[in-house]
Amino acid sequence: MLSVVVPVFNEQLNIEKFYEEATKAIQNLDMDYELIFVDDGSKDTTPLILSRLTEQDDHVRALILARNFGHQLAITCGMDYAQGDAIITMDGDMQHPPAMIPDLVQKWREGFDVVQTVRKGTDDAGFLKRLTSKWYYILLNALSPVHITPGGSDFRLIDRRVLNTFRLFREHDRFIRGMMGDIGYKQTTLDFIAPRRFAGKSKFSGRKMLHFALDGITAFSKTPLRISFYAGLLSGLLSIIMIIHTLYSHLTGTAAPGWTTTTIMVCLMGGLQLIFLGVIGEYIGRIFEEVKQRPLYWLRAELGHKRRP
């Protein structure tokens with residue numbers, strides 16, 4: 001059986017189109033299937049549309065989260081409830097083409113446990129977005145021991161064995177692309193060009209993208225902390241040199257009025273200290289979230305029927 005997990009947030013204009021295209025693609029396969037929509041706290045009519053789809057098609061299930069938990073936890077929720085032998089995760093805005101579902105399944109039937117799609121371009125992406133995405137993956141792979149495929153997305157197929165392993169990972173601040181890169185098993189990739197959204201606007205604001213980027217770095221790399229340590233050593237060395245310079249100036253009577261150098265050094269060191277305290281604070285904040293041991297998500301409603309007992 002195939003499970004297709006689709007996180008949605010305020011996608012009332014896209015859901016029915018996605019449902020039609022995904023159903024058309026899956027029905028060409030010789031497999032039972034379930035479409036699992038995960039509503040991530042939508043404020044529009046998305047839950048009502050999902051309720052109607054579950055009533056008219058018993059292949060459709062809907063998990064309605066009690067509030068907005070974020071894209072990565074919505075995916076996690078759907079994967080926790082998936083019953084299939086193969087599980088596909090994809091977005092419901094049509095930028096992950098449903099027509100590729102048979103290609104993913106074919107790779108799985110060839111023996112691959114993880115089939116990761118790689119976005120080679122986006123029809124409506126601007127120059128700045130393409131540039132920042134490129135350099136982000138360069139920076140991420142430079143800092144992290146885990147290789148994360150540039151252009152990788154959350155559009156992928158995984159085998160049931162991989163899903164069972166993934167369910168052991170229960171951290172709150174998660175970067176699933178990195179987790180899949182680190183999980184092992186037999187993996188392959190498929191390239192695609194992401195089309196424009198079918199309708200509506202992207203729900204990934206600049207603030208959310210920045211938080212997502214930070215999660216990717218801090219989840220798989222301690223390098224920023226080590227950079228802070230080495231920068232601290234360097235600043236300590238510079239401070240010693242500054243002390244020697246100050247004593248020399250005092251003893252020789254050549255101290256210049258104003259002490260411009262001192263002001264510059266104080267500003268420089270103060271700025272570095274605040275930056276690295278912020279880096280440390282990011283990691284401590286993540287520790288704080290984990291030690292509370294709260295559930296990753298909780299549901300307001302579960303609609304539809306399981307395909308298996």
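Because the structure is a prediction, the values reported are computed rather than measured. (Residues numbered from 1 in each chain as written. Predicted model: local features only at pLDDT ≥ 70, side-chain atom pairs only at ≥ 80, totals over all residues. Heavy atoms only, no water.)

**Some remarks on the nonpolar core**
Formed by 35 residues in total, the largest nonpolar core has its most connected members in Leu2, Leu35, Phe37, Ile88 and Val105. Looking at this core element by element, the count peaks at five residues for helix α1 (residues 15-26). Met79, Ile87, Phe166 and Tyr297 belong to the second largest nonpolar core, which has 24 residues in total. (Core = buried A, V, L, I, M, F, W, Y, C linked by side-chain atoms within 4.5 Å. Buried < 20%, exposed > 50% of the residue type's maximum accessible area, 1.4 Å probe, protein only. Helix = DSSP H or I, 4+ residues; strand = E, 2+ residues; numbered from the N terminus.)

**Some thoughts on unusual backbone geometry**
Although it is not a glycine, asparagine 10 adopts a positive phi angle of roughly 55°. Looking at the element boundaries, asparagine 10 is found in the loop between β1 (2-8) and α1. Despite not being glycine, methionine 94 shows a phi value in the positive range, around 75°. When its relative accessible area of 12% is taken as the criterion, methionine 94 is described as buried.

**Some details on helix α3 (residues 71-81)**
The buried fraction of α3 is high, at nine of eleven residues. Those residues of α3 that fall on the buried side of the exposure criterion are Gln72, Leu73, Ala74, Ile75, Thr76, Cys77, Gly78, Met79 and Asp80.

**Section: the packing of aromatic side chains**
The full count for this structure, using the stated rule, is two aromatic pairs. Considering the side-chain rings of phenylalanine 18 and phenylalanine 37, the 6.0 Å spacing of their centres and the 80° angle between planes classify their relative orientation as edge-to-face. Of the two residues, phenylalanine 18 is situated in helix α1 and phenylalanine 37 in strand β2 (residues 33-39); the sequence distance between them amounts to 19 residues. Given the relative accessible area of 0%, phenylalanine 18 is considered buried. Between phenylalanine 69 and tryptophan 298, the aromatic rings sit 4.8 Å apart at their centres with planes inclined by 85°, giving edge-to-face as the arrangement. In this pair, phenylalanine 69 is assigned in the loop between β3 (60-65) and α3 and tryptophan 298 in the loop between α10 (260-291) and β8 (299-303), connecting sequence segments 229 residues apart. (Phe/Tyr/Trp six-rings, centres within 6.5 Å; stacked < 30°, edge-to-face > 60°.)

**Some details on a nonpolar patch on the surface**
On the surface, Leu277, Ile280, Ile284, Ile287, Phe288 and Val291 cluster together into a nonpolar patch covering about 590 Å² of accessible area. Mapped onto the fold, leucine 277 is located in helix α10. On the accessibility criterion, leucine 277 (56% relative accessible area) is exposed. (Patch = residues over 30% accessible without salt bridge, like charges linked within 9 Å, V, L, I, M, F, W, Y side chains within 5 Å. Areas by Shrake-Rupley, 256 points an atom, 1.4 Å probe, with all protein chains shown as cover. Salt bridge = Lys/Arg side-chain N within 4 Å of Asp/Glu carboxyl O.)

**Things to note about the packing of α1 against helix α2 (residues 46-56)**
The interhelical angle for the contact between α1 and α2, taken along N-to-C directions, is 30°, at an axis separation of 10 Å. One way to sum up the angle between α1 and α2 is to call them roughly parallel. Each of Ile15, Glu16 and Tyr19 in α1 lies in contact with α2, whose residues at this interface are Thr46, Ile49, Leu50, Arg52, Leu53 and Gln56. Class assignment for the residues of the contact of α1 with α2 results in five nonpolar, two polar and two charged. (Axes fitted to C-alpha atoms, helices over the stretch in contact; angles between N-to-C directions. Parallel < 35°, antiparallel > 145°, perpendicular 65-115°, else oblique. Contact = heavy atoms within 4.5 Å. Nonpolar A, V, L, I, M, F, W, Y, C, P; charged D, E, K, R; others polar.)

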